[in-house]
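# Summary of the model geometry
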Amino acid sequence: MAGEAHCLSYTGCNFLRQRLVLATLSGRPLKIRKIRAKEEDPGLRDFEASFIRLIDKVTNGSRIEINQTGTTLYYQPGLLYGGSLEHDCSPSRGIGYYLESLLCLAPFMKHPLKIVLRGVTNDQVDPSVDVLKATALPLLKKFGIDGESLEIKINRRGMPPKGGGEILFTCPVRKVLQPVQFTDPGKIKRIRGTAYSVRVSPQMANRMVESARGILNKFLPDIYIYTDHMKGVSSGKSPGFGMCLTAETINGTILSAELASNPQGQGAAVLPEELGQNCAKLLLEEIYRGGCVDSTNQSLALLLMTLGQRDVSKVLLGPLSPYTIEFLRHLRSFFQIMFKIETKTAEEEHTGGEKVLMTCVGIGFCNLSKTIR
């Protein structure tokens, strides 16, 4: 087994998911010290503990050691196993917090993953299940991870603070990923979206749609926003409403934006008209940032490029988010891979903000645990 010499050591609670996911894929042990050591309530939070339990469920033979105060974590990864699972996510973070990491791990399991996640489907912090369904799944398909079994199905919606939502995520396994050349985002051809409302008047969704269309119709005629009003058991335990918009280009790039109402009993009440307008503006902001992958999925795209065959992959991104910049540093530590980063100014591209062209040669990662039929 890998000794302490190969063990990577970090301090602090930031980027816990990135570190655990990359440790699992690279098979390198990991030690994180001083997790919120100076705070009044030190150690891991409930949502982080829930995430560690989820990692433990999808792997076989992982060793996880946490000290009594929860300020030090040692993780020795096992094999990614997969199979049919269920997990109750912590209601203090959205299901998107857990699903983002599962999207990184799912293609490299021994058995195809089929997992039911319960908790908060839409909140103001994490990417909602709707956005991941609309943007991350098409991205996985570009890397050759496709098939009928790749899907995210929302059985029940759950809004914060109490949650009560449920989703089903299934993903096939792949032995190798194909490299991508994804440098021309293309022009926007259509905008789609979902306005959802749970345990409030169904009229809320229509009001959001109307105000969002008021802004977007100036730019494009092909706009269709579905209204999704869940009733009874499928509406979760807390009231709320929100909206998720996606813009699709002629080359198949999908950019997204979303907003949700304030949780019950927290902050001022939000008017659905305002929420619809703000969500439309956020989508226009995302289109201005541009690139072939939206800001939510930058790190997923970079990870899949890293794990590709020993061939050149290129992708054009909008301005890198701080999370993505830290992810690139982690990729260098875990996989010793460096990206070539070229900035493209707005004049060269004639559109929107500054772009970044990311180029790398894959490490030739091969899914050794996949059973050979």
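Numbering of residues starts from 1 in every chain and runs along the sequence as written. Local features in this predicted model are restricted to residues whose pLDDT is 70 or higher, and side-chain atom pairs enter the listing and the counts only when it is 80 or higher, whereas totals over whole chains, interfaces and linings include all residues. Only hydrogens and water are set aside when side-chain values are computed; all heavy atoms of the structure are taken into account.

### Let's talk about the overall build of the protein chain
Working definition: helices are DSSP H or I runs of at least four residues, strands are E runs of at least two. Numbering for both runs from the N terminus. On a plain count of helices and strands, the protein chain comes out with nine helices and 18 strands. We take the radius of gyration over the C-alpha atoms and set the globule estimate at 2.2 Å times the residue count to the 0.38 power. What you see for the protein chain is a C-alpha radius of gyration of 21 Å, in line with the 21 Å of a compact globule of 373 residues. Its C-alpha atoms give the protein chain principal-axis dimensions of about 60 × 50 × 50 Å. If you take every contact in the protein chain between residues at least 6 apart in sequence, the share linking residues at least 24 apart comes to 74%. In these tables, accessible area is a Shrake-Rupley quantity obtained with a 1.4 Å probe, and a residue counts as shielded only by the protein chains included in the view. Accessible area of the protein chain: about 16,600 Å², with a carbon and sulfur share of 51%. Counting rule applied: Lys, Arg positive; Asp, Glu negative; His and chain ends not counted. Throughout, a charge is located at the NZ atom of Lys, the CZ atom of Arg, the CG atom of Asp or the CD atom of Glu. Between the mean site of the 46 positive side-chain charges and the mean site of the 36 negative ones, the protein chain shows a separation of 5 Å. In what follows, residue pairs with any heavy atoms lying within 4.5 Å of each other are defined as contacts.

### Digging into the packing of helix α5 (residues 203-216) against helix α6 (residues 272-289)
Axis definition: a line fit to C-alpha positions, over the contact stretch in the case of helices; interaxial angles, taken between N-to-C directions, run 0 to 180 degrees. It is at 7 Å that the axes of α5 and α6 come closest, and there the two elements cross at 40°. Here α6 runs oblique to α5, going by the angle between their axes. Between α5 and α6 lies a crossing of right-handed hand. Residues Met204, Arg207, Met208, Ser211, Ala212, Ile215 and Leu216 of α5 form the contact with α6, whose participating residues are Pro272, Glu273, Leu275, Gly276, Gln277, Ala280, Lys281, Leu283 and Leu284. Relative orientations are named as follows: roughly parallel for angles under 35 degrees, roughly antiparallel for angles over 145 degrees, roughly perpendicular for angles from 65 to 115 degrees, and oblique for any other angle. Crossings are sorted by hand: turned counterclockwise from the far helix by less than a right angle, the near helix makes the crossing left-handed, and turned clockwise it makes it right-handed.

### Observations concerning the sheet that holds strand β18 (residues 355-361)
By way of backbone hydrogen bonds, the strands of a sheet pair with one another, either parallel or antiparallel. The four strands lie next to each other as β11-β16-β18-β17, forming an open sheet whose pairing is mixed. Two strands lie at the open edges of the sheet, namely β11 (181-182) and β17 (340-344), each paired on one side alone. By the bridge criterion, six bridges tie strand β16 (residues 312-317) to β18 in an arrangement that is antiparallel. Looking across to β18, one finds that Lys314 is bridged to Thr359. Its contacts with the sheet place helix α7 (residues 298-306) against β16 and β18, and it is angled at close to 170° to β16. Paired strands, as defined in this entry, are two strands with at least two bridges between them according to DSSP.

### As for the domain arrangement of the protein chain
Assigned domains within the protein chain: domain 1 (1-80), domain 2 (188-289) and domain 3 (293-361). For domain 2 and domain 3, the distance between their C-alpha centres works out to 28 Å. Contacts between domain 2 and domain 3 engage seven residues on the former and ten residues on the latter. Buried area, as used here, totals the accessible surface that two parts lose on assembly, with accessibility defined by a 1.4 Å probe and the loss added over both. Counting the surface lost from both domain 2 and domain 3, the interface buries some 610 Å², and carbon and sulfur atoms represent 44% of this. Looking at the side of domain 2 facing domain 3, the largest losses of area belong to Glu286, Tyr288 and Arg289, adding up to 73% of the total buried there. As annotated, the domain borders come from an automatic or database domain assignment.

### Brief notes about the packing of helix α1 (residues 16-26) against helix α3 (residues 95-105)
Between two packed helices, the angle of one axis relative to the other and the distance separating the axes together describe the packing. One way to put it is that α1 packs onto α3 with a least axis distance of 10 Å and a crossing angle of 25°. In terms of axis orientation, α1 runs roughly parallel to α3. In terms of crossing hand, the pair formed by α1 and α3 is right-handed. For the pair α1 and α3, the contacting residues are Arg17, Val21, Thr24 and Leu25 in the first and Gly96, Tyr97, Glu100, Ser101, Cys104 and Leu105 in the second. Following the grouping adopted for this structure description, the nonpolar residues are Ala, Val, Leu, Ile, Met, Phe, Trp, Tyr, Cys and Pro, the charged ones are Asp, Glu, Lys and Arg, and the polar ones are all others, Gly among them. A breakdown of the residues in the contact of α1 with α3 according to their chemical character gives five nonpolar, three polar and two charged.

### Side note on the pattern of salt bridges
The rule for a salt bridge is simple: a side-chain nitrogen of Lys or Arg has to be within 4 Å of a carboxyl oxygen of Asp or Glu. Tallying each qualifying case throughout the model produces 18 salt bridges. Glu65 is the partner of Arg63 in a salt bridge, and the nearest nitrogen-oxygen pair spans 2.7 Å. Among the salt bridges present, the one from Arg190 reaches Glu248, with a minimum N-O distance of 3.1 Å. With Arg190 in strand β12 (residues 188-198) and Glu248 in strand β14 (residues 240-249), the pair connects residues that are 58 residues apart, well separated along the chain. Salt bridges sharing partners connect three or more residues here, namely Glu86, Asp88, Arg118, Arg156 and Glu166.

### Notes on the environment of Met305
By the element assignment, Met305 lies in helix α7. Here's how the labels work: a residue is buried when its accessible area is under 20% of the maximum for its type, exposed when over 50%, partly exposed in between, all with a 1.4 Å probe on protein chains only. Its relative accessible area of 1% is what places Met305 among the buried residues. In sequence terms Met305 and Ile341 are 36 residues apart; their C-alpha atoms lie 14 Å from each other. In contact with Met305, other than residues within four places in its own chain, are Phe143, Val180, Ser313, Lys314, Val315, Phe339, Met358, Cys360 and Gly362.

### Considering the UniProt feature "domain: RNA 3'-terminal phosphate cyclase" (unreviewed entry) in the protein chain
UniProt positions are given in the numbering used here, feature names are shortened, and annotations may be inferred rather than shown by experiment. UniProt's entry tags residues 10-341 with the feature "domain: RNA 3'-terminal phosphate cyclase" (unreviewed entry), counted in the numbering of this structure. In the segment residues 10-341, helix accounts for 31% and strand for 28%; the C-alpha atoms at its two ends are 26 Å apart.

### So, the nonpolar core
Core analysis: the largest hydrophobic core is formed by 84 residues, its most contacted members being Leu25, Phe169 and Leu331. When residues of this core are assigned to their parent elements, the largest contribution, eight residues, is made by α3. Excluding residues within four positions of it along the chain, Phe169 makes contact with Leu99, Leu102, Leu103, Ala106, Leu113, Lys114, Ile115, Glu151 and Ile152. For this analysis, a nonpolar core means a set of buried residues of the types Ala, Val, Leu, Ile, Met, Phe, Trp, Tyr and Cys, connected via side-chain atoms within 4.5 Å. In terms of nonpolar packing, the next biggest core, distinct from the first, is built from 21 residues, Val209, Leu216, Ile223 and Cys279 among them.

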